[in-house]
Amino acid sequence: MRKPTTGEQILDLLLLRTSPPDYAVDQPYYTTGNIVAAGLIRVVLIALVIILLDAFWKSSTSWWYVALFAIWGLGLYPAWVQYNKFNESVDQISAGTLCGACRHFNRTNQLCMILDEHVTNDEPPCEGEAWEPIS
Ligand code: SF4
């Protein structure tokens, strides 16, 4: 696995990909924070475009219908799909790995909180030495 460039990270953020890019075969390329940020950025961009279109073609009120559909279809729905995919991935880790049964595992960003490392389906980053049961 290689580290993505800044450009790739920005592109991923805007695209809300549904399949992993080549550098993220077994690591999360979206977390809850990324998904919320991507949704908000998309909504802001759509709103700006709609405001500009409305400024140039003032005669029609249909821009607001276009805005509503665009905000849902291009902004919120892709973020919702990505959020569900992320949760499915975390559910698999929770059910099938040692980290999933550890109190240091943070579901919202798929992270080991004491090592500050993303957890995958492979070996636990601590190799089980720091594991503590969920109380
Ligand atoms: S402490 Fe070890 S077992 Fe627990 S979440 Fe971190 S890496 Fe996984």
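Since this is a predicted model, take the numbers as computed values, not measurements. (Residues numbered from 1 in each chain as written. Predicted model: local features only at pLDDT ≥ 70, side-chain atom pairs only at ≥ 80, totals over all residues.)

> Got a sec to walk through the site of the ligand? Specific residues and values, please.
Taken together, 14 residues form the shell around the ligand, and within it Cys99, Cys102, Cys112, Cys126 and Ala130 come nearest. Here the residues of the shell around the ligand sort into 13 nonpolar, one polar and no charged. (Near = placed C-beta within 6 Å. Nonpolar A, V, L, I, M, F, W, Y, C, P; charged D, E, K, R; others polar.)

> Talk me through the confidence of the model for the chain; I want residue IDs and the actual numbers.
Averaged over every residue, the pLDDT of the chain is 85; the share at 70 or more is 94%. For the chain, per-element mean pLDDT is lowest for helix α1 (residues 6–15), which scores 80, and highest for strand β1 (residues 105–106), which scores 92. (pLDDT = per-residue confidence, 0-100. Helix = DSSP H or I, 4+ residues; strand = E, 2+ residues; numbered from the N terminus.)

> Let's hear about unusual backbone geometry: which residues, and what values?
The general pattern is negative phi for most residues beyond glycine and trans for most peptide bonds. Phi is positive for Gln110, which is not a glycine, with a value near 55 degrees. With respect to the secondary-structure elements, Gln110 resides in the loop between β1 and β2 (111–112). The backbone phi angle of Glu127 is positive, close to 60 degrees, even though this residue is not glycine. Looking at the element boundaries, Glu127 is found in the segment after β3 (117–118). Here Glu127 falls in the exposed class, since 9 other C-beta atoms lie within 10 Å of it. (Buried ≥ 20, exposed ≤ 12 C-beta atoms within 10 Å, placed from the backbone.)

> Tell me about the domain arrangement of the chain, residues and numbers included.
Entries for the chain in the domain assignment read domain 1 (6–88) and domain 2 (97–135). Look at where the C-alpha atoms of domain 1 and domain 2 centre, and you get two points 30 Å apart. Class assignment for the residues of the side of domain 1 that touches domain 2 results in one nonpolar, four polar and one charged. (Domains from an automatic or database assignment.)

> Tell me about the sheet that holds β3, residues and numbers included.
Spatial ordering of the open sheet is given by β1-β2-β3, a layout of three strands whose pairing is antiparallel. Bordering the open sheet on either side are β1 and β3, each of which pairs with just one other strand. (Pairing = 2+ DSSP bridges.)

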